[in-house]
Amino acid sequence: DAGVTQSPTHLIKTRGQQVTLRCSPKSGHDTVSWYQQALGQGPQFIFQYYEEEERQRGNFPDRFSGHQFPNYSSELNVNALLLGDSALYLCASSLASGTGTFFGPGTRLTVL
Amino acid sequence: AQSVTQLDSQVPVFEEAPVELRCNYSSSVSVYLFWYVQYPNQGLQLLLKYLSGSTLVESINGFEAEFNKSQTSFHLRKPSVHISDTAEYFCAVSPSGYQKVTFGIGTKLQVIP
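Residues numbered from 1 in each chain as written. Chains lettered and ligands numbered in written order. Predicted model: local features only at pLDDT ≥ 70, side-chain atom pairs only at ≥ 80, totals over all residues. Heavy atoms only, no water.

1. So, the overall build of chain A
This is how the line gets drawn: Helix and strand labels come from DSSP, where a helix needs a run of H or I of at least four residues and a strand needs a run of E of at least two; each type is numbered from the N terminus. Using C-alpha atoms as the atom set, the radius of gyration is obtained and then compared with a globule rule of 2.2 Å times the number of residues to the power 0.38.
Looking only at helices and strands, chain A features 0 helices and 11 strands. Walking chain A from its N terminus toward its C terminus, one meets helices and strands in the order β-β-β-β-β-β-β-β-β-β-β. Compactness check: chain A gives a C-alpha radius of gyration of 13 Å against a globular reference of 13 Å for 112 residues, within 12% of the reference. Taking the principal axes of its C-alpha atoms as reference, chain A extends roughly 40 × 25 × 25 Å.

2. Quick notes on the overall build of chain B
Heads up, the rule is: The rule is simple: take the accessible area with a 1.4 Å probe, protein chains only, and divide by the maximum for that residue type; under 20% is buried, over 50% is exposed, in between is partly exposed.
Assigned secondary structure in chain B consists of 0 helices and 12 strands. Along chain B, helices and strands appear, N-terminal first, in the series β-β-β-β-β-β-β-β-β-β-β-β. A compact globule built from 113 residues should have a C-alpha radius of gyration of about 13 Å, and chain B, at 13 Å, falls within 12% of that. Expressed along its principal axes, the backbone C-alpha trace of chain B runs to roughly 40 × 30 × 25 Å. Out of the 113 residues in chain B, the part that is buried amounts to 46%.

3. Some remarks on the nonpolar core
Basically, it comes down to this: Within this scheme, the nonpolar core is defined by two criteria: the residues are buried Ala, Val, Leu, Ile, Met, Phe, Trp, Tyr or Cys, and they are joined through side-chain atoms within 4.5 Å.
By size, the foremost hydrophobic cluster in this structure holds 27 residues, and its most contacted members are B:Leu33, B:Trp35, B:Leu48, B:Phe74, B:Leu76 and B:Tyr89. Counting residues per element, this core draws most heavily on strand E10 (residues 87-94) of chain B, which supplies 4 residues. By size, the runner-up hydrophobic cluster in this structure holds 20 residues, among which are A:Val4, A:Leu21, A:Cys23 and A:Phe60.

4. Topic: the state of the cysteines
Residues and elements named next belong to chain A. What counts is decided by this rule: Any two cysteine sulfur atoms lying within 2.5 Å of each other are counted as a disulfide.
With the rule as written, the count across this model stands at 2 disulfides over all chains. With its sulfur 1.8 Å from that of its partner, Cys23 forms a disulfide with Cys91. Every disulfide takes its handedness from the sign of the S-S torsion; for Cys23 and Cys91 that torsion is -65°, giving left-handed. One end of the pair, Cys23, is in strand E3 (residues 19-24); the other, Cys91, is in strand E9 (residues 87-94), and 68 residues separate them in sequence. Cys23 gets classed as buried once you look at its relative accessible area, which sits at 3%.

5. Brief notes about the pairing of strand E1 (residues 2-6) of chain B
Residues and elements named next belong to chain B. Rule in force here: Two strands qualify as a pair provided that DSSP identifies no fewer than 2 bridges between them.
Judged by which residues are buried, E1 turns out to be one-sided: Gln2, Val4 and Gln6 face inward and are buried, whereas Ser3 and Thr5, on the alternate face, are not. Sheet analysis places E1 next to strand E4 (residues 23-27), joined by 5 bridges and oriented antiparallel. The residue of E4 that forms the bridge with Ser3 is Ser26.

6. A short note on the interface of chain A and chain B
Bring the parts together and some accessible area is lost; that lost area is often taken as the interface size. The criterion, for reference: Contact definition: two residues touch when any of their heavy atoms are within 4.5 Å. When two components associate, each loses some accessible surface as probed by a 1.4 Å sphere; the sum of these losses over both components is called the buried area. Any carboxyl oxygen of Asp or Glu that lies within 4 Å of a side-chain nitrogen of Lys or Arg is treated as forming a salt bridge with it. Side-chain atoms alone can form a polar contact between residues adjacent in sequence; in general such a contact is a pair of N or O atoms within 3.5 Å, and within protein one must be able to donate a hydrogen while the other accepts it. Three residue categories are used. Nonpolar comprises Ala, Val, Leu, Ile, Met, Phe, Trp, Tyr, Cys and Pro, charged comprises Asp, Glu, Lys and Arg, and polar comprises the others, including Gly.
Listed by partner, the interface residues are 25 residues for chain A and 18 residues for chain B. Of the roughly 1,700 Å² buried between chain A and chain B, counting both surfaces, carbon and sulfur atoms make up 53%. On inspection of chain A and its partner chain B, the count reaches 0 salt bridges. For the pair chain A and chain B, the interface holds 4 residue pairs in polar contact (both at pLDDT 80 or more). Taken together, the elements giving at least two residues each to the side of chain A that touches chain B come down to strand E4 (31-37), strand E5 (44-50), strand E6 (53-57), E9 and strand E10 (102-103) of chain A. Tallied by class, the residues present in the side of chain A that touches chain B amount to 10 nonpolar, 14 polar and 1 charged.

7. With respect to unusual backbone geometry
With the exception of glycine, most residues fall at negative phi, and the peptide bonds are largely trans. All names here are of chain A. Note the cis peptide between Ser7 and Pro8, where omega equals -10°. Relative to the assigned elements, Pro8 resides in the loop between strand E1 (5-7) and strand E2 (10-13). Even without a glycine there, the phi angle at Glu52 is positive, about 65°. With a phi angle near 80°, Tyr72 is a residue other than glycine that sits in the positive phi range.

The following block contains the structure:
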């Protein structure tokens, strides 16, 4: 049973560019959430998708947007990158009626 | 809204010694409680969770945590640590098993040979 998978593993961008990160949820899961983990910090909730709609959002600007596809996979898009966007981006999946959230290995984004 | 406080940012401990990582939470609603572990350059792995029932929960690798509602705590313990336990540990809460998870700042456990 494959767990949560994310791509790419690492990414380097420059300020002002745009980036797209991808996530496939654990088999059977229908809910995908994205988190940002800056160096030395705990993960911070960005948003959650269920049934292809954004269900809940954290305190992140509109530069952060997402999408969920019919097969439950998801993308996180960040526009107009800032140096402060450098972080580990974690995708997590869960079942809408479930009892736990499972995390992927993350995508390390470096903005120069 | 929920919040999590992990009282120790770093905990050094000698191999085979016991350890306790402290966690307190705040919430206006009932929550599920979790401990996640993060090894260097890796994602988060669920270590154990409290949903309801017995207040003492255990993981497969010897860790246990006890939910204390009156003290709003969920401390993580292990009676004898191993070098391989060196990692960062995050306490977390969620209103349910699938909603937004709120994390603490993390505690780095360093096991000394």
